[in-house]
Amino acid sequence: QVQLVESGGGLVQPGGSLRLSCAASGSILRINTMGWYLQAPGKQRELVAGIARGGNTDYEESVKGRFTISRDNAKNTVYLQMNSLKPEDTAVYYCHAQILSSATVTWNNYWGQGTQVTVSS
């Protein structure tokens, strides 16, 4: 059994900052790509930022220069530092990871439960 548990969402004023964390636990042999997605009401889930095991990163255009993704492989944890937040960043943010499970010895995609980020004055 593999779980992704997120934390760090909340309400923040425009221009403020939040840091999201996502810790993977359970029957894990190896984690490949990790990332953060957002889903706004009535819209599809979309990639915000991704990070490879070796540290290469990729960002959606609208968050470049404001958001930073990082990971701690020893802790099986990925972070998203969000600065200069805007109202349009408001969404549910989901953590994602490609994990090789020791239980099944197969690669699978896993998702966190989602954390609400609201940017409003």
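For the structure itself, look to the data block above.
Below you will find a few notes about this structure. Worth saying up front: this structure is predicted, and the values here are computed from it rather than measured. (Residues numbered from 1 in each chain as written. Predicted model: local features only at pLDDT ≥ 70, side-chain atom pairs only at ≥ 80, totals over all residues. Heavy atoms only, no water.)

1. Quick word on the state of the cysteines
Note: disulfide means a covalent bond formed between the sulfur atoms of two cysteine side chains. Condition: The term disulfide is used for any two cysteine sulfur atoms that are within 2.5 Å. The numbering of helices and of strands both runs from the N terminus, where a helix is a DSSP run of H or I of at least 4 residues and a strand a run of E of at least 2. Any residue under 20% of the maximum accessible area for its type is buried, any over 50% is exposed, and the rest in between are partly exposed; the area is computed with a 1.4 Å probe on protein chains only.
Scanning all chains against the criterion turns up one disulfide. Covalently, Cys-22 is tied to Cys-95 through a disulfide, its sulfur atoms 2.1 Å apart. When the S-S torsion is -75 degrees, as for the bridge of Cys-22 with Cys-95, the disulfide is left-handed. Of the two residues, Cys-22 sits in strand S3 (residues 18–26) while Cys-95 sits in strand S9 (residues 91–101), which places them 73 residues apart along the sequence. Cys-22 gets classed as buried once you look at its relative accessible area, which sits at 0%.

2. Re the packing of aromatic side chains
Pairs of aromatic rings are described using the distance from one ring centre to the other and the angle between the two planes. Applicable threshold: Ring geometry is summarised as follows: Phe, Tyr and Trp rings, the Trp one being its six-membered ring, pair when their centres sit within 6.5 Å, and such pairs are stacked at plane angles under 30 degrees, edge-to-face over 60 and tilted between the two. Two limits define a charge over a ring: the Lys NZ or Arg CZ must be within 6 Å of the ring centre, and within 35 degrees of the ring normal.
The final tally for this structure, using the stated rule, is one aromatic pair. Residues Tyr-37 and Trp-111 carry aromatic rings whose centres are separated by 4.9 Å and whose planes lie at 70 degrees to one another, so their mutual orientation is edge-to-face. Within this pair, whereas Tyr-37 is found in strand S4 (residues 28–39), its partner Trp-111 is found in strand S10 (residues 107–111), the two being separated by 74 residues in sequence. Residue classification places Tyr-37 among the partly exposed positions, given a relative accessible area of 21%. Note on Trp-111: relative accessible area 38%, which makes it partly exposed. Of note, Arg-19 hangs over the ring of Tyr-79, and the distance from its end group to the ring centre comes to 4.1 Å. Over the face of the ring belonging to Tyr-94 we find Arg-45, whose NZ or CZ atom lies 3.6 Å from the ring centre.

3. Here's the deal with the sheet that holds S3
We count it as follows: When DSSP finds two or more bridges between two strands, those strands count as paired. In this analysis, axes come from line fits to C-alpha atoms, helices being fitted only over the stretch in contact, and the angle between any two N-to-C directions falls in the range 0 to 180 degrees.
Taken together, four strands build an open sheet; the order of strands is S1-S3-S8-S7 and the sheet is antiparallel. The strands lining the two open edges of the sheet, one partner per strand, are strand S1 (2–7) and strand S7 (67–72). Geometrically, the sheet is characterised by an average inter-axis angle of 15 degrees between neighbouring strands, direction not taken into account. Inspection of the sheet shows S3 paired to strand S8 (residues 77–82) by six bridges, in the antiparallel sense. Each bridged residue has a counterpart across the sheet, and for Leu-20 the counterpart in S8 is Leu-80.

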